[in-house]
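Residues per chain are reported as follows:
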Amino acid sequence: QVQVEESGGGLVQAGGSLRLSCLASGRTFSRYGMGWFRQAPGKERQFVATISWSGDSIYYADSVKGRFTISRDNAKNTVYLRMNSLKREDTAVYYCAARNAVGSAVTRYDFDYWGQGTQVTVSS
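Take the nonpolar core next. The biggest cluster of nonpolar side chains holds 34 residues, and the ones touching the most others in it are M34, W36, L81, M83 and Y94. Of all the secondary structure elements, the ones that give two or more residues to this core are β3 (18-24), β4 (33-39), β5 (46-51), β7 (68-73), β8 (78-83), β9 (92-99) and β11 (118-123). Per-element tally for this core: the top contributor is β9, with five residues. Ignoring sequence-local partners within four residues, the contact set of L81 consists of L18, R19, L20, W36, V48, A49, F68, T69, I70 and Y94.

Time to look at the pairing of β7. Every other side chain in a regular strand lies on the same face of the sheet, so the side chains alternate between the two faces. On β7, burial follows the alternation: F68, I70 and R72 on one face are buried, whereas T69, S71 and D73 on the facing-out side are not. Here β7 runs beside β8; their pairing, made up of six bridges, is antiparallel. Residue pairing for β8: D73 is matched across the bridge by T78. Between the end of β7 and the start of β8, which pair antiparallel, lie four residues, with N77 showing a positive phi angle near 55°.

Procedures and definitions
- Every chain is numbered on its own, with residues counted from 1 as its sequence reads.
- The model is predicted, so local features are restricted to residues of pLDDT at least 70 and side-chain atom pairs to those at 80 or more, both for listing and for counting; the totals for chains, interfaces and linings are taken over all residues.
- The side-chain numbers reported here are obtained from all heavy atoms of the structure, hydrogens and water having been left aside.
- Throughout, nonpolar core names a set of buried Ala, Val, Leu, Ile, Met, Phe, Trp, Tyr and Cys residues whose side chains join them through atoms within 4.5 Å.
- Classification of residues uses two cut-offs on accessible area relative to the type maximum, computed with a 1.4 Å probe and protein chains only: under 20% is buried, over 50% is exposed, and between them is partly exposed.
- Here a helix means four or more residues in a row that DSSP labels H or I, a strand means two or more in a row labelled E, and each is numbered from the N terminus.
- Throughout, a contact is declared for two residues whenever any of their heavy atoms are within 4.5 Å.
- For two strands to be treated as a pair, DSSP must find no fewer than two bridges joining them.

Without other data, these values stay purely geometric and don't point to any function.
Here it is in structure tokens:
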């Protein structure tokens, strides 16, 4: 069983930056593909970014490409999401997810373990 816990959310002004962290339990963290998703009120959960176990396969949603950066530190069992140039439409609960496979993935159904989410609110 894998437990996933996000942190680093908060309130930020438009144009600002935040870094989310995701700590995952499990002795084989380095073998998990990881991803970030987000869900705004009244909307479906949507893909944000994903990274393979080695970090050599990374994908972003078009809406965040060039502004967000996903990375991981396998020694710390942690994956990060650096968010720059934040916009009001980035406001959402951000979820970290892990999958029982080494590759990256872009759909929520490819992930097996989910955190509780962390709120990101971008004000104008």
